[in-house]
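Observations on chain architecture
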Amino acid sequence: QDWEGSLAMRTPPAERDMKGNFDYAVSLVRNGRRAKAEPYAANAATNAQAKGAFRFQALTLQAYIAAKDPEDFLARIAALESQKDTLAAKGDGPVELDKRYLLAVRDAGRFVYSLSTKPEILPYVRALTDFTRKRLMHPEERITYEARYLKDAPGSAEAALRAGVFEKLPQENRIGKY
């Protein structure tokens, strides 16, 4: 797209216009003017009328503009977890709130990806994707079973019973989590 042309046709929005400030900041970022976009993104993010997903997207844009590198950006996004109550619907419990937060982070990755067609954006998108993936994964619980080796083992179960193998070896309790 012709981002430079679209920016040339725009005028800076009024301070009260949160959507206009957000769109203008996005246009500036797409044209490589991150520093100039900062006040417009901040205006959109701190507007009292901004709610839910729009507010989170504006905060994501603000974090992207202020970030020095992908790690700094990810730290800023992780700090937005304290804002996740703005994403809540009436009657949401903590699990539903976490779900909404992770969906918002996933959508933030899509949004950040849309900010540029240049490869420099990819580490920022990858940071958000990895953050979401790590939060969704539960720690793996490894269950092991120790197999014992019996030298000169009998050839069948009947032979093992006759030889008294089961009385000599400790009994295994294999009932448990698998």
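Reading the values: the criteria
- Residues numbered from 1 in each chain as written.
- Predicted model: local features only at pLDDT ≥ 70, side-chain atom pairs only at ≥ 80, totals over all residues.
- Heavy atoms only, no water.
- Axes fitted to C-alpha atoms, helices over the stretch in contact; angles between N-to-C directions.
- Helix = DSSP H or I, 4+ residues; strand = E, 2+ residues; numbered from the N terminus.
- Parallel < 35°, antiparallel > 145°, perpendicular 65-115°, else oblique.
- Left-handed = near helix turned anticlockwise from the far one by under 90°.
- Contact = heavy atoms within 4.5 Å.
- Nonpolar A, V, L, I, M, F, W, Y, C, P; charged D, E, K, R; others polar.
- Buried < 20%, exposed > 50% of the residue type's maximum accessible area, 1.4 Å probe, protein only.
- Polar contact = N/O pair within 3.5 Å; in protein donor to acceptor, adjacent residues only side chain to side chain.
- Expected span 1.5 Å × (residues − 1).
- Core = buried A, V, L, I, M, F, W, Y, C linked by side-chain atoms within 4.5 Å.
- Salt bridge = Lys/Arg side-chain N within 4 Å of Asp/Glu carboxyl O.
- Bend = angle between axes of the 7 residues up to and from the residue.

Once that is clear, we can look at the packing of helix 4 (residues 52-66) against helix 5 (residues 70-79). Between helix 4 and helix 5, the least distance of the axes is 9 Å, while the angle of their chain directions is 150 degrees. Judged by the inter-axis angle, helix 4 sits roughly antiparallel to helix 5. Here helix 4 runs over helix 5; the crossing is right-handed. Contacts between helix 4 and helix 5 pair Thr60, Ala63, Tyr64 and Ala66 from the former with Asp72, Phe73, Arg76 and Ile77 from the latter. Its residues assigned to classes, the contact of helix 4 with helix 5 comprises 5 nonpolar, 1 polar and 2 charged.

Its identity is not glycine, yet Asp152 carries a phi of approximately 55 degrees, on the positive side. Along the chain, Asp152 falls in the loop between helix 7 (122-136) and helix 8 (157-163). Classification of Asp152 by relative accessible area gives exposed; the value is 72%.

This brings us to the side chain of Arg55. Summarising the element assignment, Arg55 is placed in helix 4. In this structure the side chain of Arg55 is engaged in a polar contact, spanning 2.7 Å, whose partner is the backbone oxygen of Ala45. When neighbours within four sequence positions are excluded, Arg55 is seen to be in contact with Ala45, Thr46, Asn47, Ala50, Gln83 and Thr86.

Turning our eyes to something else, we now look at helix 6 (residues 94-114). For helix 6, which comprises 21 residues, the first-to-last C-alpha distance of 30 Å matches the rise-based estimate of 30 Å (1.5 Å per residue) to within 8%. Looking only at helix 6, the buried set comprises Leu97, Tyr101, Leu102, Ala104, Val105, Ala108, Gly109, Phe111 and Val112. Looking at the buried residues of helix 6, the elements they touch are helix 2 (18-30), helix 4, helix 5 and helix 7.

Here is a general trend for soluble globular proteins: nonpolar side chains tend to be buried in one another's company. Phe22, Phe56, Leu61, Tyr64, Phe73, Val112 and Leu115 are the most contacted members of the largest nonpolar core, which totals 39 residues. Listed by contribution, the elements that provide at least two residues to this core are helix 2, helix 3 (34-46), helix 4, helix 5, helix 6 and helix 7. The biggest single contributor to this core is helix 4, with 8 residues.

Turning next to the pattern of salt bridges. Inspection of every chain in the model, using the stated rule, returns 6 salt bridges. Close ionic contact of Arg133 with Asp130 constitutes a salt bridge, the shortest N to O distance being 3.6 Å. Placement of both Arg133 and Asp130 in helix 7 is noted, with a separation of 3 residues, approximately one turn of the helix.

Our focus in this paragraph is helix 3. An α-helical turn contains 3.6 residues, so a residue and the one three or four places further along point in the same direction. Helix length check: helix 3 (13 residues) gives 18 Å between terminal C-alpha atoms against 18 Å at 1.5 Å per residue, within 8%. The largest bend in helix 3 is about 30 degrees, located at Tyr40. For helix 3, the set of buried residues is Ala37, Tyr40, Ala41, Ala42, Asn43, Ala44 and Ala45. Buried residues belonging to helix 3 abut helix 2 and helix 4.

Geometric descriptors of this kind do not, in isolation, establish any biological role.
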